[in-house]
Amino acid sequence: MVEEMGMTNKQFQGFIRLALGWIEKALEESPNNESLKSLKDIFQSMLEDA
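Residues numbered from 1 in each chain as written. Predicted model: local features only at pLDDT ≥ 70, side-chain atom pairs only at ≥ 80, totals over all residues. Heavy atoms only, no water.

(A) Quick peek at the pattern of salt bridges. Under the definition given, this model contains two salt bridges. Where Glu-24 meets Lys-40, a salt bridge forms, and the shortest distance between an N and an O atom there is 2.7 Å. Linking Glu-24 in helix H1 (residues 9–29) with Lys-40 in helix H2 (residues 34–49), this pair joins segments that are 16 residues apart in sequence. Its relative accessible area of 32% is what places Glu-24 among the partly exposed residues. Accessibility expressed as a relative area gives 25% for Lys-40, which makes it partly exposed. The partner of Glu-34 in a salt bridge is Lys-37, with the nearest N and O atoms 3.4 Å apart. A residue pair is termed a helical-turn pair when its members lie 3 or 4 positions apart in one helix, as Glu-34 and Lys-37 do in helix H2 at three residues. (Salt bridge = Lys/Arg side-chain N within 4 Å of Asp/Glu carboxyl O. Helix = DSSP H or I, 4+ residues; strand = E, 2+ residues; numbered from the N terminus. Buried < 20%, exposed > 50% of the residue type's maximum accessible area, 1.4 Å probe, protein only.)

(B) Focus on the environment of Ser-45. Tracing the backbone through its elements, the reader meets Ser-45 in helix H2. As a C-alpha pair, Ser-45 and Phe-15 span 30 residues in sequence and 14 Å in three-dimensional space.

(C) Examining H2 more closely. Here H2 contains 16 residues, and its C-alpha end-to-end distance of 23 Å stays within 8% of the 22 Å for a straight helix at 1.5 Å per residue. Among the residues of H2, Leu-36, Phe-43 and Leu-47 are the ones counted as buried. Viewed end-on, H2 has its buried residues packed into an arc of 45°, placing them on one side of the element. Seen from the buried face of H2, the exposed residues on the opposite side, beyond 90 degrees, are Glu-34, Asp-41, Glu-48 and Asp-49. The inward-facing, buried residues of H2 abut H1. (Expected span 1.5 Å × (residues − 1). Arc of directions from axis to C-beta. Contact = heavy atoms within 4.5 Å.)

So, in structure tokens, the structure goes:
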């Protein structure tokens with residue numbers, strides 16, 4: 001028997017918020033890091049689309 005281990009929408013949003021928090025901390029240390037800014041935008045749009 002195979003069970004699929006999925007994520008609820010609430011769990012997904014929690015994960016994205018956690019990741020955004022760490023990205024924000026990293027941006028405080030490196031405010032000019034364009035890769036981090038881009039990653040933040042991607043995660044923010046994922047949260048808005050959820």
